[in-house]
Amino acid sequence: VIQASSSGTITVTVDANLTSGATTGSVNYSGPRFTCADDLNLVSDTFGTLTLDQTTVKGPCQRGVVTLTPTGDALQFSFKGKGAPAATGKLTKAT
């Protein structure tokens, strides 16, 4: 996933953990300058696009909204939050 800010663009590893039918999950981020683990809470499921509220659990990440949209064999990931740069990219299912 790519995150762009006024200080430059970085690549962030994202590990989202969701269980089919559940309304909660978790997400872990790791980048060159930070790591954090956050909770995800389902806000809506519209035609397979999940909108999740991200709440900070551990680390410097900010609260925000994560959107996951199916795209073929991957998920398009988007994060938007207050006080944090937006991040976008594709997630693939772990094997």
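Okay, so let's go over this structure. In every chain, residue numbers begin from 1 and rise along the written sequence. For a predicted model such as this one, the threshold for reporting local features is a pLDDT of at least 70, and the threshold for listing and counting side-chain atom pairs is 80 or more; totals across whole chains, interfaces and linings nevertheless cover every residue. To obtain the side-chain values, all non-hydrogen atoms of the structure were used and water was disregarded.

### So, the pairing of strand β7 (residues 64-71)
For strand β6 (residues 49-58) and β7, the ladder comprises five bridges, and the chain directions are antiparallel. Each residue of the ladder has a partner; that of Gln54, found in β7, is Gly64. Linking β6 back to β7 in an antiparallel pair, the connection comprises five residues, with Gly59 at a positive phi of about 110°. Where β7 hands over to strand β8 (residues 74-81), the hairpin turn is made up of two residues, of which Gly72 adopts a positive phi near 65°. Only strands that DSSP links by at least two bridges are regarded as paired with each other. Numbering of helices and strands starts at the N terminus; helices are DSSP runs of H or I of at least 4 residues and strands are runs of E of at least 2.

### Details of unusual backbone geometry
We note that Phe47 has phi near 55°; this positive angle belongs to a residue other than glycine. With relative accessibility at 84%, the residue Phe47 sits in the exposed group. To sort residues, take the accessible area from a 1.4 Å probe on protein chains only and compare it with the maximum for the residue type: under 20% means buried, over 50% means exposed, and anything in between is partly exposed.

### Focus: the side chain of Asp38
Examined against the element boundaries, Asp38 turns out to sit in strand β5 (residues 35-46). Think of it this way: Lys and Arg go in the positive column, Asp and Glu in the negative one, and His and the chain ends go nowhere. A pair is scored as a salt bridge if a Lys or Arg side-chain nitrogen falls within 4 Å of a carboxyl oxygen belonging to Asp or Glu. We note that Asp38 is buried and unpaired, the nearest opposite charge coming from Arg63 at a distance of 9.8 Å. If near-sequence neighbours (up to four positions away) are discounted, Asp38 is found in contact with Gly25, Ser26, Val27, Tyr29, Gln54, Thr55, Thr56, Val57, Lys58 and Cys61. Whether two residues are in contact is decided by their heavy atoms, any of which lying within 4.5 Å being enough.

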